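Each chain, letter by letter, is given below.
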Amino acid sequence: MSHTDTAIQRHQSAFWKASLALFSGAFVTFANLYSTQALLPLLAREFDISPAAASLSLSVATASLAVALLFTPGISDRVGRKSVMVTALLLASVLGFVVTFVQHYSLLLIIRGLQGFALAGLASIAMTYVNEEFSQECRGLAMGLYVSGTTVGGMSGRIITGTLTELYNWHLALQVLAGISLACSLIFAFALPASKHFAPQSLSLKAMAKGFAHHLGHWPQLGRFLHGFLLMGGLVTLYNYVSFRLHDEPYLLSEAAIGWLFVIYLLGTFSSTWMGAKADRFGPRPVLLICMLLMLAGLLLTVLDGLWIIIAAMGIFTFGFFGAHSIVSSWVGQASNEYKAQASALYLLFYYAGSSLIGSVGGYFWSHWQWLGITGLVLALVCTSGLIALTSKD
């Protein structure tokens, strides 16, 4: 039988079971990865550190995840997609409990790094699973639903930690999140259909390097990787330091209120699916450029001082970003005729490297130029990404 005959189709129940599983796995990944983002001002006070140092609780996790992405595709090629993803989610959930018992910031960073390393097991393989197991006609929708899980997870993790921290403490908040993550990990394990189009391959560092070199040497694909680096760097920088802005005068928002700011991510849940479907119909490049224009419009509106204007502006930026991420992540897989796992890994390597590096660098811009510095940095990132999209031909 051909791949088309055995691939998951949109009308099948397997489509919705697989989508539920991937949504749950994405929820765990992003809820844990960004669980400390709403707590950055509190961590800065509690551990007597700078805003840039507090942002390391996020950057260390994303940096270790990025490094792990170099190895997890090869491991999944050898032992299978589902087994690696299930193990990764369960380990990350357990580490979510462990981090709540630390007393020193340096130890917190170490455990956060280990947690990020574990989460790479799902982040690097989910895209590959979609491109291997779903039919061509519904991959855009499937990837959009997966990205929706990342937005709900990212939003919920921040809301849970922000709200429970204000009511109780950050230790209990992260423990509750870890419990929810464990439950979602079990849903993933039981709901995700076993791979039908996976063929085990030998674990060869030479073959892995060849796959990475293949994609890095192809400019249109490299351009798509750079979209992930630049746009994700902009999103994380914006959200990292808007929490400091809104925590200070004249807004004086609490940790819970800042956590609830991330309900804006629900817009990303819609835009990732909607824009993914539009890209399936009209092609990825024009829809991607529209998403970038939305990001620029939202960014420029954040320089105004009204609280509700800032919230609306963040919503516009977030809507555009998750649409762009859904399009580019699906585009990377569709453009990969070979070394699919390495293509997904490289995209996410750039994506999380942008989160880690630019998110930390943003602390310098915040400390020296406050919000105008953050705006200028993110403006440069989005414009550079737009220029790549306009000049890349494939």
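Residues numbered from 1 in each chain as written. Predicted model: local features only at pLDDT ≥ 70, side-chain atom pairs only at ≥ 80, totals over all residues. Heavy atoms only, no water.

**Q** For this particular structure, what's the right way to read the overall build of the protein?
**A** A tally of regular secondary structure across the protein gives 18 helices and 0 strands. Its C-alpha radius of gyration of 20 Å places the protein within 12% of the 21 Å reference for a compact globule of 394 residues. Overall, the C-alpha framework of the protein stretches about 65 × 45 × 40 Å when taken along its three principal axes. Put simply, 84% of the contacts in the protein that link residues at least 6 apart link residues at least 24 apart. (Helix = DSSP H or I, 4+ residues; strand = E, 2+ residues; numbered from the N terminus. Rg over C-alpha atoms; globule rule 2.2 N^0.38 Å. Contact = heavy atoms within 4.5 Å.)

**Q** What exactly am I supposed to notice about unusual backbone geometry here?
**A** Backbone geometry follows two general trends: most residues other than glycine have a negative phi, and most peptide bonds adopt the trans configuration. Cis rather than trans, the peptide bond between Glu-249 and Pro-250 has omega equal to 5°. Residue Asp-48 is not a glycine yet carries a positive backbone phi of 55°. One can find Asp-48 in the loop between α3 (40–46) and α4 (51–54). For Asp-48, a relative accessible area of 70% translates into the label exposed. In the Ramachandran plot, Gln-370 falls in the positive-phi region, its phi being about 55° despite a non-glycine side chain. (Buried < 20%, exposed > 50% of the residue type's maximum accessible area, 1.4 Å probe, protein only.)

**Q** Is there a simple way to explain helix α6 (residues 72–79) in this structure?
**A** In an α-helix, one full turn covers 3.6 residues, which means residues spaced three or four apart are oriented alike. Taken residue by residue, α6 has Thr-72, Pro-73, Gly-74, Ser-76 and Asp-77 as its buried positions. Just past α6, the residue Gly-80 takes up positive phi, approximately 115°.

**Q** Looking at this structure, I do not really get the nonpolar core. What am I missing?
**A** The nonpolar side chains of a soluble globular protein tend to be buried with one another. Ranked by internal contacts, the top residues of the largest apolar core, which has 123 residues, are Leu-22, Phe-134, Phe-188 and Tyr-352. The element best represented in this core is helix α18 (residues 340–391), accounting for 15 residues. Those residues in contact with Phe-188 that lie beyond four places of it in its chain are Ala-21, Leu-22, Gly-25, Met-85, Val-86, Leu-89 and Leu-122. Core analysis: the second largest hydrophobic core is formed by 5 residues, Leu-230, Ile-358, Leu-377 and Leu-381 among them. (Core = buried A, V, L, I, M, F, W, Y, C linked by side-chain atoms within 4.5 Å.)

**Q** Got a minute to help me understand the environment of Thr-128 in this structure?
**A** Along the chain, Thr-128 falls in helix α9 (residues 126–133). With a relative accessible area of 2%, Thr-128 lands in the buried category. Through-space distance from the C-alpha of Thr-128 to that of Ser-76 is 9.9 Å; in sequence the pair is 52 residues apart.

**Q** Can you walk me through the packing of helix α5 (residues 56–68) against helix α8 (residues 105–123) in this structure?
**A** Angle between the axes and distance between the axes: these two values describe a pair of packed helices. At a closest axis distance of 7 Å, the pairing of α5 and α8 adopts a crossing angle of 40°. On the basis of the axis angle, α5 is oblique to α8. The two elements α5 and α8 meet at a crossing, and its hand is right-handed. Residues Leu-56, Ser-57, Leu-58, Val-60, Ala-61, Ser-64, Leu-65 and Ala-68 of α5 pack against Tyr-105, Leu-108, Leu-109, Arg-112, Gly-113, Gly-116, Phe-117, Leu-119, Ala-120 and Ala-123 of α8. Class assignment for the residues of the contact of α5 with α8 results in 13 nonpolar, 4 polar and 1 charged. (Axes fitted to C-alpha atoms, helices over the stretch in contact; angles between N-to-C directions. Parallel < 35°, antiparallel > 145°, perpendicular 65-115°, else oblique. Left-handed = near helix turned anticlockwise from the far one by under 90°. Nonpolar A, V, L, I, M, F, W, Y, C, P; charged D, E, K, R; others polar.)

**Q** Would you explain the packing of aromatic side chains in this entry?
**A** The description of an aromatic ring pair uses the distance of the two centres, along with the angle that the planes make with each other. What the rule picks out here adds up to 18 aromatic pairs. A centroid spacing of 6.4 Å and a plane angle of 75° characterise the contact between Tyr-129 and Phe-134, whose relative ring orientation is edge-to-face. Across the pair, Phe-134 and Tyr-129 agree in class, each one buried. Ring centres of Phe-365 and Trp-369 lie 5.5 Å apart, and the angle between their planes is 55°; this geometry places the pair in the tilted category. Here the residue Phe-365 and the residue Trp-369 both occupy positions in helix α18, the gap between them amounting to 4 residues, near one helical turn. Taking relative accessible area as the criterion, Trp-369 reaches 46% and is therefore assigned partly exposed. Aromatic ring contacts, followed pair by pair, group Phe-30, Tyr-34, Phe-321, Phe-322, Tyr-347, Tyr-351 and Tyr-352 into a single cluster. (Phe/Tyr/Trp six-rings, centres within 6.5 Å; stacked < 30°, edge-to-face > 60°.)

**Q** Just to check I follow, could you spell out the environment of Ile-310 for this structure?
**A** In this structure, Ile-310 sits in helix α17 (residues 307–334). By relative accessible area, Ile-310 is classed as buried at 0%. Separated by 10 residues in sequence, Ile-310 and Leu-300 place their C-alpha atoms 9.9 Å apart. What Ile-310 contacts, discounting residues up to four positions off in sequence, is Val-242, Arg-245, Leu-246, Tyr-251, Thr-302, Leu-304 and Asp-305.

**Q** Just checking my understanding: could you explain the packing of helix α13 (residues 219–247) against helix α16 (residues 284–301) for this structure?
**A** The geometry of α13 relative to α16 is characterised by a closest axis approach of 13 Å and an angle of 25° between their N-to-C directions. As the angle between them shows, α13 and α16 are arranged roughly parallel. In the packing of α13 onto α16, the handedness of the crossing is left-handed. Residues His-227, Leu-231 and Leu-238 of α13 touch α16, and the partners they reach there are Leu-288, Met-292, Met-295 and Leu-299. Taken together, the residues of the contact of α13 with α16 break down into 6 nonpolar, 1 polar and no charged.

**Q** I keep staring at the pattern of salt bridges and nothing clicks. Help me out?
**A** Evaluated as defined, the whole model comprises 3 salt bridges. Here Arg-45 ties to Glu-255 by a salt bridge, and the two come within 3.1 Å at their closest N and O atoms. Within this pair, whereas Arg-45 is found in helix α3, its partner Glu-255 is found in helix α14 (residues 255–260), the two being separated by 210 residues in sequence. Between Asp-305 and Arg-245 there is a salt bridge, and its shortest N-O distance comes to 3.9 Å. A residue pair is termed long-range when its members are at least 10 positions apart, and Asp-305 in the loop between α16 and α17 and Arg-245 in helix α13 qualify at 60 residues. Assessed through its relative accessible area of 9%, Arg-245 is described here as buried. (Salt bridge = Lys/Arg side-chain N within 4 Å of Asp/Glu carboxyl O.)

**Q** Would you explain a nonpolar patch on the surface in this entry?
**A** A contiguous nonpolar patch, built from Val-67, Leu-70, Phe-71, Ile-75, Val-79 and Phe-117 and spanning about 510 Å² of accessible area, is present on the exposed surface. Looking at where Ile-75 falls in the secondary structure, it is placed in helix α6. (Patch = residues over 30% accessible without salt bridge, like charges linked within 9 Å, V, L, I, M, F, W, Y side chains within 5 Å. Areas by Shrake-Rupley, 256 points an atom, 1.4 Å probe, with all protein chains shown as cover.)

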